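Okay, here's what each chain looks like letter by letter:
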Amino acid sequence: MTPRAADRARYDRATAHLDAPLALVDLEAFDANADDLVRRAQGKPIRVASKSVRCRALLERVLARDGFAGIMSYTLAESIWLARAGFEDVLLAYPSADRDRFAELAADPKLAAAITVMVDDPAQLDLVDRARARADLPVRICLELDTSLHLLGGRVRVGARRSPLREPAQLAELARAVVRRPGFRLVGLMAYEGHVAGVGDDIAGRPVRSRAIRLMQAAARKELAARRAEVVRAVRAVAPDLEFVNGGGTGSVQHTAAEDAVTEIAAGSGLYVPRLFDNYTSFTGRPAALFAQPVVRRPGVGVVTVLGGGYPASGAAGVDRLPVPYLPEGLRYDPQEGAGEVQTPLLGTAADDLLIGDKVWFRHAKAGELCERFDELQLVEGDRVTATVPTYRGEGRTFL
């Protein structure tokens, strides 16, 4: 029996009393992935990206482990919800225009102490000031650095379009604006290198493209390390008491941790290890989060149909954004239908061994987006479900 076949047998036994659709997290794999992230972080604390987990119980589990500290959230409403639930260090990684929540944040000492908000434009500070009724509780501020790689004099850009702040002088100028402005406190700097951390460099069957990605990423890491160090020096000259410099992502943990200027690493997807994280030369994780769909039809030889399954991931549309049939091995989509809204035909010889009601296990392309489809996660240890915990959706929270 292959390791994957053994996992399928365990998951089927563990959930034999449950009907699909359902989602599970294998806690042994989850914890092993957490250990690997800590190893690669080389002693620097890891701030957990909540959008990649979207389950309070699992956020609590990983933050109880040595090597993890703090949450990186994705909306202000989520940040406030987490802080009220007892999480004491929440970095909002994206700018917000939520005036009601800014008023709530600036009026509550507990929230103001626990939450740090992201800005890359003075207009975002203006929005906070217009929203709040009092300025005696300073709002904690983090600046974001654009990490994209510019080639050919800036005519070619590699990386996400995030912050407009790229050069040390730009960051220092905004830092001065924050420091001089009553009601704000500059505490952090963030730089997310998604073109390194979130792009696999070992694509199956694409050796030329894989080599090109590795060359690009090597150049990007070298350029960013030098520029990030200059930016940190410039910002610390304005704000010597800067508490943290955050960088990285699951795919670049060890590279970012090696930079002296960085004090903490961001990671989250590496806990679940969705399919987009299969193609890396720098690390190998264990798939920890899966979902099962039931076989509901057997249309013919070499084909079964499962209920639902059309759960595409965000990003540029493409085959790589689809979940992948994972267990049993040897199943694939019908290219004329793909992953369907209410039913999905699957092809392959493995289909002939499946009966009506059997489970087919899938891996999502991304990590936390799976939790937007399920109210709860079955936590599996060995061949038993040892707990059932709600996702954000299961707690009635859909922040985006």
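The shown structure was predicted, so the numbers you read here are calculated from the model rather than taken from an experiment. (Residues numbered from 1 in each chain as written. Predicted model: local features only at pLDDT ≥ 70, side-chain atom pairs only at ≥ 80, totals over all residues. Heavy atoms only, no water.)

### Quick word on the side chain of serine 50
Turning to step 1, where the next piece is worked out: Along the chain, the position of serine 50 falls in the loop between strand 2 (46-49) and helix 3 (56-63).
Turning to step 2, where the next piece is worked out: What serine 50 contacts, discounting residues up to four positions off in sequence, is Leu59, Ile71, Met72, Ser73, Tyr74, Glu78 and Tyr392. (Helix = DSSP H or I, 4+ residues; strand = E, 2+ residues; numbered from the N terminus. Contact = heavy atoms within 4.5 Å.)

### So, the pairing of strand 17 (residues 359-363)
Turning to step 1, where the next piece is worked out: Burial analysis of strand 17 places 5 of its 5 residues in the buried class, the great majority of the element.
Turning to step 2, where the next piece is worked out: Along strand 17, one buried face is formed by Lys359, Trp361 and Arg363 and the opposite face, lined by Val360 and Phe362, is buried too.
Turning to step 3, where the next piece is worked out: Where strand 12 (residues 289-300) lies against strand 17, 4 bridges are found, and the strand directions are antiparallel. Residue pairing across strands places phenylalanine 291 opposite phenylalanine 362, the latter belonging to strand 17.
Turning to step 4, where the next piece is worked out: Judged from the 3 bridges that link them, strand 14 (residues 324-327) and strand 17 form a sheet pairing that is antiparallel. Within strand 17, the position partnered with leucine 327 by the bridge is tryptophan 361. (Buried < 20%, exposed > 50% of the residue type's maximum accessible area, 1.4 Å probe, protein only. Pairing = 2+ DSSP bridges.)

### Describing helix 8 (residues 168-180)
Turning to step 1, where the next piece is worked out: With 13 residues, helix 8 should cover 18 Å at 1.5 Å per step; its first-to-last C-alpha distance of 18 Å lies within 8% of that length.
Turning to step 2, where the next piece is worked out: Taken together, the buried positions of helix 8 are occupied by Pro168, Leu171, Ala172, Leu174, Ala175 and Val178. End-on view of helix 8: buried residues confined to an arc of 165°, all on one side of the axis. For helix 8, the exposed residues set more than 90 degrees away from the buried face come down to Ala169, Glu173 and Arg180.
Turning to step 3, where the next piece is worked out: For helix 8, the secondary structure elements touched by its buried residues are strand 5 (115-119), helix 7 (122-131), strand 6 (139-144), strand 9 (184-191) and helix 10 (207-238). (Expected span 1.5 Å × (residues − 1). Arc of directions from axis to C-beta.)

### Side note on helix 3
Turning to step 1, where the next piece is worked out: Listed as buried for helix 3 are Leu58, Leu59 and Val62. Here the buried residues of helix 3 occupy an arc of 105° about the axis, which is enough to place them on one side.

### A word on the sheet that holds strand 9
Turning to step 1, where the next piece is worked out: As summarised here, the arrangement of the 8 strands in space is 2-3-4-5-6-9-10-11, forming a closed barrel in which the pairing is parallel. Geometrically, the sheet is characterised by an average inter-axis angle of 30° between neighbouring strands, direction not taken into account.
Turning to step 2, where the next piece is worked out: Bridging between strand 2 and strand 11 (residues 264-267) involves 3 bridges; their strand directions are parallel. Looking at the pairing, valine 48 lines up with alanine 267 of strand 11.
Turning to step 3, where the next piece is worked out: Lying over the sheet, helix 3 contacts strand 2 and strand 3 (68-73), oriented at roughly 145° with respect to strand 3. (Axes fitted to C-alpha atoms, helices over the stretch in contact; angles between N-to-C directions.)

### Some words on a nonpolar patch on the surface
Turning to step 1, where the next piece is worked out: Residues Leu151, Leu152 and Val156 make up a contiguous nonpolar surface patch of about 240 Å² in total accessible area.
Turning to step 2, where the next piece is worked out: For leucine 151, the location among the structural elements is in strand 7 (residues 149-151).
Turning to step 3, where the next piece is worked out: A relative accessible area of 36% means that leucine 151 is categorised as partly exposed. (Patch = residues over 30% accessible without salt bridge, like charges linked within 9 Å, V, L, I, M, F, W, Y side chains within 5 Å. Areas by Shrake-Rupley, 256 points an atom, 1.4 Å probe, with all protein chains shown as cover. Salt bridge = Lys/Arg side-chain N within 4 Å of Asp/Glu carboxyl O.)

### Comments concerning the packing of helix 2 (residues 27-41) against helix 3
Turning to step 1, where the next piece is worked out: Closest axis-to-axis distance for the helix 2/helix 3 pair is 11 Å, and the angle between their directions is 45°. On the basis of the axis angle, helix 2 is oblique to helix 3. With respect to the hand of their crossing, helix 2 and helix 3 are arranged in right-handed fashion. Contacts from Leu27, Phe30, Asp31 and Ala34 in helix 2 reach Leu58, Arg61 and Val62 in helix 3. (Parallel < 35°, antiparallel > 145°, perpendicular 65-115°, else oblique. Left-handed = near helix turned anticlockwise from the far one by under 90°.)

### What to know about unusual backbone geometry
Turning to step 1, where the next piece is worked out: In this structure, the amide linkage connecting alanine 20 to the following residue, proline 21, adopts the cis form with an omega of 5°.
Turning to step 2, where the next piece is worked out: Mapping proline 21 onto the fold places it in the loop between helix 1 (3-14) and strand 1 (22-26).
Turning to step 3, where the next piece is worked out: Proline 328 follows leucine 327 through a cis peptide bond whose omega is 0°.
Turning to step 4, where the next piece is worked out: Within the secondary structure layout, proline 328 lies in the loop between strand 14 and strand 15 (332-333).
Turning to step 5, where the next piece is worked out: Within the chain, glutamine 42 stands out as a residue other than glycine whose phi angle is a positive 55°.
Turning to step 6, where the next piece is worked out: Within the secondary structure layout, glutamine 42 lies in the loop between helix 2 and strand 2.
Turning to step 7, where the next piece is worked out: Its relative accessible area of 49% is what places glutamine 42 among the partly exposed residues.
Turning to step 8, where the next piece is worked out: Its identity is not glycine, yet valine 273 carries a phi of approximately 55°, on the positive side.
Turning to step 9, where the next piece is worked out: Summarising the element assignment, valine 273 is placed in the loop between helix 12 (269-272) and strand 12.

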